[in-house]
Structures are given as C-alpha cells and as structure tokens.
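For reference, the chains in residue letters:
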Amino acid sequence: MTEAAPALPGHRLKLYGLSKRYGPHRALHDVTLEVAPGEFLTLLGPSGSGKTTVLMALAGFVEPSDGEIYLDGRPISALPPDRRDFGVVFQGYALFPHLSVAANVAFPLEVRGLGRADIRAKVAAALDLVRLGAFADRKPRALSGGQQQRVALARALVFEPKLLLLDEPMGALDRQLKSELQGELRRLHRRLGTTFVNVTHDQEEAMALSDRIAVMRGGEIVEVGTPAELYARPRTRFVASFLGRSNFLEGVVGAVRGGVANVEVGGRTIRHATPEPVAPGACVTLALRPERIELGPRDGLDNVLTGRLLDAVQTGPGLDLAVEVGLPEPLEVRIPPTASPCRPRGGDRARLGRRRDRRGHRGRQRLAPRT
Ligand code: ADP
Ligand code: MG
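Presented here is an overview of the structure given in this document. (Residues numbered from 1 in each chain as written. Chains lettered and ligands numbered in written order. Predicted model: local features only at pLDDT ≥ 70, side-chain atom pairs only at ≥ 80, totals over all residues. Heavy atoms only, no water.)

## So, unusual backbone geometry
Okay, step 1: Look at Asp-72: it is not a glycine, yet its phi comes out positive at around 50°.
Okay, step 2: Within the fold, Asp-72 resides in the loop between β4 (66–71) and β5 (74–75).
Okay, step 3: Even without being a glycine, Asp-85 presents a positive backbone phi close to 60°.
Okay, step 4: Here Asp-85 shows up in the loop between α2 (81–84) and β6 (86–89). (Helix = DSSP H or I, 4+ residues; strand = E, 2+ residues; numbered from the N terminus.)

Next comes the structure, spelled out in structure tokens:
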C-alpha cells in the first residue's frame, strides 16, 4: 500500500519566554522553542521537569505567568482551549466508558455542531486511520490498552486539529504495545503532516519518534536537537547521561595540536578530538559512550587502557562489561555479540581502546567544559 501525501499543512508553533510559577515554586522558566510546520517534536525530561506544564500551557489549560505562545505567528494566549483546535492525548485514556468507540470519537464533532452524516463519515475515516474500523461498536473496556490509546488518538485527530499534543501517551502500556503504538504514531505523523508535540520521560521513545528533541530539566530547556545530534554531541553532562549511557572522566587538558587534545585523566593521557577550541590547563569532562570502546587485543586502537574485567552481563544480543582500569570508576563497555566461545569473564585481564578509523578520525566523543 502506498501512503497518501500529507493531508494537512502543518502549523508553525513558537513558545517565547514561557514561565509558570505556583506561588514561590517555578514550574517553568523562560522556555523558548520553535516547532516547524509538520515537525514531530518531543519534550524529554525526568519527572517534574515541566513537560506537562508546557503541554497544558499549549492546550490552554494552564495560564503562563510570563511569555507568549504563537501559532503561525499569531499569539494564542488569550484563546480558550476549545478555540485553539488542538488535539490532546493523555496517558490515562480518558475515554467515556459508557460510550461506544464510535461515540467517543464522534464527541468532538458533536461539540462542534457538525451534521450527522458528516460525523458518521469523519468518525469512520478516523477509525480507519488508526485501524480500528471493525471496533466501532465496542465499549472501551472491551479493548486492550493499546487499542484504547488508538481510540484516544482517533478522537484527537477526527476534527483535523492544528496541532496534536501527546502527554506520555504510552506511559501505561507494556513494552510490546508501546512499540506497536510508536509505529502507529510514526505512520500517522507521516501520513497527516500535522505538527506533533509529544511529552515523555522515555529516551528510547523520544529517539525513535522525533524529528527533534527538547531536553528539559528543572523547568528549563537544556538542549534541543535531532536525536542523532544530541546523542553524538551532547553539550551538557545531563544530556549525555539522560540520552543513552556515558562514562564520565574528569581531566585536565595538556597539549592541544591539530584539533586533538591530550587530556590527563587519573595519571593517564587520553587523546581526544576537540570540536571546539580548548585551552591547555582547562578542566574538562570526557564523555565516552560504552559502545564506542573496544576490547583488544587488536591493531589500530587508540587510547589503550589495560585493567581487569569485573563483570560481564548479557544484555539482549550484546555484552555489558565493567572494567577496572585504575580510574575512580570502572568503565562501562558495551560490545556486540561475539561468535567466539571464549566470552569475556569476570577476572579476565582486559585491554581497552577506541578504534581508529581509516580517516584517522578519533570518534565523536565529546570534550565538554566541566560544569
Ligand atoms: P513533568 O510533566 O515533567 O513531570 P510537570 O509539568 O507536571 O512535570 O511539573 C513541573 C513542576 O511543577 C513540578 O515540580 C510540579 O510539582 C509542579 N506543578 C505542576 N502543577 C502544579 C500545580 N498545579 N501546583 C503546584 N505545582 C505544580
Ligand atoms: Mg507529566
């Protein structure tokens, strides 16, 4: 089946200097963010970081203390929620339990006073969109959690909203249903072309779904970028540890030559590419992704460290190793599946390094000022 071109032009969203205070408590502070038409943007952050507050301000349920929200360049703060025409999906399904699936999806159209025939056609189309056409007459309790969330999606999309806002829509689903609903969301987004703003604390979900991610902490946006950018070049230690895993090594910059710095870490020297200039003597934190460290012996390794394997744990197809190399913390190393019967074991001696690729580029691990 080929997919139709996007049905609706996406709308442009801009949050400017958005703040929200509850008495002395600062739930949001100076949140500024632009979302391009048709973009899938995810607000990612730990619990309490202000994600829901942003979404509720967008939906019009929370009044910002400061700042403005613009849709296609026009301020919308004065508009009540029902005049914004945004679709909203929450974690709790919030379906009407006594109404059928079709009646649930029809609800926003009835509120808008559409005629019966029109409603029937739009409900059928929305249920087809989430592949629940055959379930129109069921009650929500006769559906799985994933199906209920698809009904909630159909209800949020049936009136062709200007934005779709999703607050932890997969929070209550098990792993399998989560990944199915993620696929569904990606498909819907491609097909509709609507601007999506999603909220989650789940980095894998954010990476899998989003065109861009805005990482939040303590009511502020700390970094914004594509999943690949944030993963490969996090600018803060917080993002390096929240998106994937990292080993952090505190060090002092020694000689710098040709974009490569010698960093003294616990009496050893690690050579490291520096995308931004660093001065000798600067205190820095190296962030090393576990999957970019290799286990030797092998030619062409850079930054070789030797030590002792403390632990090897099978995780899905690969192995997670903890290696004592004489630094304050053991290094975390993730190696791909090995065909060799001689799996590494706790107690083994280990030689670690980073593979030098043919261009002599030394990986994209990042040297960040220590914060
Ligand atoms: P998240 O969705 O990222 O978990 P929230 O946006 O729900 O975070 O909350 C951000 C902060 O604002 C939290 O510290 C929360 O306790 C606080 N907060 C949210 N809503 C209210 C409220 N109605 N009254 C007081 N504090 C609130
Ligand atoms: Mg929340």
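Let's pick the thread back up.
## Brief notes about the pairing of β4
For a regular strand, the rule is simple: side chains alternate between the two faces of the sheet.
Okay, step 1: The pairing of strand β1 (residues 13–22) with β4 spans five bridges and is antiparallel. Bridge pairing in β4 places Leu-13 opposite Leu-71.
Okay, step 2: Between the end of β4 and the start of β5, which pair antiparallel, lie two residues, with Asp-72 showing a positive phi angle near 50°. (Pairing = 2+ DSSP bridges.)

## Focus on the side chain of Thr-200
Okay, step 1: Structurally, Thr-200 can be placed in strand β8 (residues 195–200).
Okay, step 2: On the accessibility criterion, Thr-200 (1% relative accessible area) is buried.
Okay, step 3: A polar contact is formed between the side chain of Thr-200 and the side chain of Glu-205, at a distance of 3.2 Å.
Okay, step 4: When near neighbours in sequence (up to four residues on either side) are disregarded, Thr-200 contacts Thr-42, Leu-43, Leu-44, Gly-45, Lys-51, Glu-168, Glu-205 and Ala-206. (Buried < 20%, exposed > 50% of the residue type's maximum accessible area, 1.4 Å probe, protein only. Polar contact = N/O pair within 3.5 Å; in protein donor to acceptor, adjacent residues only side chain to side chain. Contact = heavy atoms within 4.5 Å.)

## Some details on the site of ligand 1
Okay, step 1: Close to ligand 1 lie Tyr-22, His-25, Ala-27, Pro-46, Ser-47, Gly-48, Ser-49, Gly-50, Lys-51, Thr-52 and Thr-53, which account for all nearby residues.
Okay, step 2: Thr-52 is positioned such that a nitrogen or oxygen atom in its side chain is 2.8 Å from an oxygen atom of ligand 1.
Okay, step 3: Residue assignment for the shell around ligand 1 shows that the elements contributing at least two residues are β2 (25–35) and α1 (51–59).
Okay, step 4: Counting residues per element, the shell around ligand 1 draws most heavily on α1, which supplies three residues. (Near = heavy atom within 4 Å.)

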